[in-house]
Amino acid sequence: FSISIRSSISNRPSTLSANAPPADLPLRKIPGDYGFPFIGSIQDRFAYFYTEGCDAFFRSRIRRYNSTVFRVNMPPGPPVSADPRVIALLDAVSFPVLFDTAAVEKRDLFTGTFMPSTDLTGGYRVLSYLDPSEPLHAPLKKLLFFLLSHRRRSLIPEFRRAFGSLFSSLESDLSKQGKVDFGPGNDRACFDFLSRALLGRDPADSPLGSDAPAIIMKWVLFQIGPLLTIGLPRIIEDATLHSFRLPPALIRADYNRLADFFRESAGPVLDEANRLGISREEAVHNLVFSICFNSFGGMKILFPNIVKWLGRAGGRLHTRLAAEVRAAVRSNDGQIGMRMIEEEMPLVKSVVYEALRIEPPVSMQYGRAKRDLLIRSHDAAFEVKTGELLFGYQPFATKDPRVFDRAEEFVGDRFVGEEGERLLRHVVWSNGPETEGPTVENKQCAGKDFVVLVARLLVIELFLRYDSFEIEVGSSALGSSVKLTSLKRASF
Ligand code: HEM
Ligand code: 243
């Protein structure tokens, strides 16, 4: 038993068997209630989306119950979700129970208390909805590991091509208009990069042309509309988007264009699927989902977030990043490689982890208790019964002030050095600690390393080209809306 117990919170298991209560914490009944059936969940939903807003919704209940663990209804509620009742976990100690596959089942919980129609994914329950105990979880996850690694030598060049051309066009629009939206160009660059790098196919040379980002956004809305606000008048939005599913038939033709693109472009990956015992069609729809929802959707949220937090951090951090990136690239004959990023860019690595910590791109995770559990927060232990639904709001785990100093602040070099690296296990954007990796046995994000790589590449590209930049931030249905108001060309 060689693990050193430095920080009392993190090496302690967050669950214990129910017949062994902890000696050091009081046992407490989980506070909170669900109100009247139906009405209670509509009230909670309206508070969550409109009267309080997500963060204040959770914060006000932590205060009311004096507890970071409590019962509450999560949107959307009936009729879209049959049962909205959850136990919320809102601190860094209780949250990690959601990673423990022995404690929780994650079947059909990817989007929370409801599951979108499988008509939106070719009739299949795709990998993200499968629990590791299901027979296809392992082969499908292996297939995605193959997808992400089989053309790995093309990742960096294709990234630089797609994002180099994005920044050229942002520069020229900025000089004409004085301001330019990062979002639409980022969407194009992300999809171009993903298709060229992972499939070796340029969407421009296919029947998809440049339509993919718009089709994907519409298709995503059909799936997770009940979780979003898109800016309609409140009462109308709540009575429609949050109360009914959009009929899949309305998106079928568009979806088929996406599926055709993958059917025709993913030959080698589909061959690998056959070797793994996965049918070609099931593989096609899983590829659509992992590239369009998981990868494109995730990058669409993460990249503007990174530009936002770096933009707000200001010129001094920009100068340090530019110096680090340029020194490393110069000492490698102008080339960018994975090892030099790993070894020579500690600040680039840290700012990416810090962006993922301060604003986890996908903030909500769910898991159903497989057995009676005892769940701990910093302050108490709570009994959970088999079958109850656990819900974690990740920003409250990764901004837990009892783990992170200046938890609400973007500290660019937080993860630099040995002391910083010890904190990495509390960065859990990927549905697992940053110090661990996805396997066929767990539910950690299959794209974890890929995401960290592309995020670093974004920061590198920015600071190879610019000494500094300025932004304006607005809100949007998914992630932030970021406009560039100045780009200061590299001067050293
Ligand atoms: C799972 C986030 C990119 C594939 C997850 C989960 C999260 C997440 C939070 C866990 C969901 C849950 O079960 O509760 C993100 C973010 C991304 C990203 C924020 C980008 C910024 C990717 C990429 C892939 C991918 C590029 C490409 C293959 C998956 C898959 C799962 C998953 C397949 C389910 C894993 C399993 O069933 O074992 N992701 N992801 N994700 N992600 Fe990602
Ligand atoms: O509030 C939010 O966090 C907005 C996003 C809602 C996402 C719904 C649930 C999806 C769960 C995991 C997603 C993983 C990713 O790979 C990509 C997310 C892309 C969303 C469009």
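Presented here is a report on the structure given in the accompanying data block. (Residues numbered from 1 in each chain as written. Chains lettered and ligands numbered in written order. Predicted model: local features only at pLDDT ≥ 70, side-chain atom pairs only at ≥ 80, totals over all residues. Heavy atoms only, no water.)

### A look at the site of ligand 2
Move 1: Inspection of the region around ligand 2 gives Phe-110, Val-220, Ile-224, Phe-293, Asn-294, Gly-297, Gly-298, Pro-361, Val-362, Ser-363 and Leu-478 as its neighbouring residues.
Move 2: In the environment of ligand 2, an oxygen atom lies 3.0 Å from a nitrogen or oxygen atom belonging to the backbone of Ser-363.
Move 3: Those elements that provide at least two residues to the shell around ligand 2 are helix 6 (212-224) and helix 10 (280-313).
Move 4: Broken down by element, the residue count for the shell around ligand 2 peaks at 4 residues, all from helix 10.
Move 5: Considering only residue class, the shell around ligand 2 consists of 7 nonpolar, 4 polar and no charged. (Near = heavy atom within 4 Å. Polar contact = N/O pair within 3.5 Å; in protein donor to acceptor, adjacent residues only side chain to side chain. Helix = DSSP H or I, 4+ residues; strand = E, 2+ residues; numbered from the N terminus. Nonpolar A, V, L, I, M, F, W, Y, C, P; charged D, E, K, R; others polar.)

### Examining the state of the cysteines
Move 1: Tallied over the full model, the rule gives 0 disulfides.
Move 2: In this model Cys-190 remains outside any disulfide bridge; the closest cysteine sulfur is found in Cys-292, 12 Å from its own.
Move 3: The buried category is assigned to Cys-190, whose relative accessible area is 0%. (Disulfide = S-S within 2.5 Å. Buried < 20%, exposed > 50% of the residue type's maximum accessible area, 1.4 Å probe, protein only.)

### A closer look at the sheet that holds strand 5 (residues 180-181)
Move 1: Spatially, the 3 strands line up as an open sheet ordered 5-11-10, and their pairing is antiparallel. Lying at the two open borders of the sheet, with one neighbouring strand each, are strand 5 and strand 10 (466-475).
Move 2: Bridge analysis of strand 10 against strand 11 (residues 480-489) gives 9 bridges, and the strand direction is antiparallel. Each bridged residue has a counterpart across the sheet, and for Ser-468 the counterpart in strand 11 is Lys-488. (Pairing = 2+ DSSP bridges.)

### Things to note about helix 2 (residues 54-65)
Residues spaced three or four apart along an α-helix point in a common direction, a consequence of the helix completing one turn every 3.6 residues.
Move 1: For helix 2, built from 12 residues, the straight-helix expectation of 16 Å at 1.5 Å per residue is met to within 8% by its first-to-last C-alpha distance of 17 Å.
Move 2: By the burial criterion, the buried members of helix 2 are Phe-57, Phe-58, Ser-60, Arg-61, Ile-62 and Tyr-65.
Move 3: Where the residues of helix 2 are buried, they touch helix 1 (39-51), strand 2 (69-73), strand 9 (389-393) and helix 14 (394-398).
Move 4: Just beyond helix 2, the residue with positive phi is Asn-66, at close to 50°. (Expected span 1.5 Å × (residues − 1). Contact = heavy atoms within 4.5 Å.)

### Comments concerning the coordination of the iron atom of ligand 1
Six octahedral donors around a metal ideally make angles of 90 or 180 degrees; four tetrahedral donors ideally make 109.5 degrees.
Move 1: Just one protein ligand coordinates the iron atom of ligand 1, and it is Cys-445 (SG) at 2.3 Å.
Move 2: Locating Cys-445 in the fold gives a position in the loop between helix 15 (417-422) and helix 16 (448-465). (Donors = N, O, S within 2.8 Å, 3.2 Å for Na, K, Ca; no water.)

### Focus: the site of ligand 1
Move 1: Surrounding ligand 1, one finds 25 residues, the nearest of these being Lys-106, His-137, Lys-141, Lys-443 and Cys-445.
Move 2: One nitrogen or oxygen atom from the main chain of Asn-442 is found 3.2 Å from an oxygen atom belonging to ligand 1.
Move 3: In this structure, an oxygen atom belonging to ligand 1 sits 2.6 Å away from a side-chain N or O atom of Lys-443.
Move 4: At the level of secondary structure, the elements contributing two or more residues to the shell around ligand 1 comprise helix 3 (137-149), helix 10 and helix 16.
Move 5: When the residues that make up the shell around ligand 1 are grouped by side-chain class, the tally is 12 nonpolar, 10 polar and 3 charged.

### Describing the packing of aromatic side chains
Move 1: Under the definition given, this model contains 34 aromatic pairs.
Move 2: Seen from their ring centres, Phe-159 and Phe-193 are 5.3 Å apart, and the 75° between their planes marks the pair as edge-to-face. Of this pair, Phe-159 sits in helix 4 (residues 155-177) while Phe-193 sits in helix 5 (residues 182-199), and the two are 34 residues apart along the sequence.
Move 3: Considering the side-chain rings of Phe-191 and Phe-296, the 6.4 Å spacing of their centres and the 75° angle between planes classify their relative orientation as edge-to-face. Of the two residues, Phe-191 is situated in helix 5 and Phe-296 in helix 10; the sequence distance between them amounts to 105 residues. (Phe/Tyr/Trp six-rings, centres within 6.5 Å; stacked < 30°, edge-to-face > 60°.)

### Topic: the sheet that holds strand 2
Move 1: If you walk across this open sheet you meet the 5 strands as 2-3-9-6-4, and the pairing is mixed. Bordering the open sheet on either side are strand 2 and strand 4 (104-105), each of which pairs with just one other strand.
Move 2: Examined bridge by bridge, strand 6 (residues 364-369) and strand 9 share 5 bridges and lie antiparallel to one another. Bridging across to strand 9, Gly-367 finds its partner in Leu-390.

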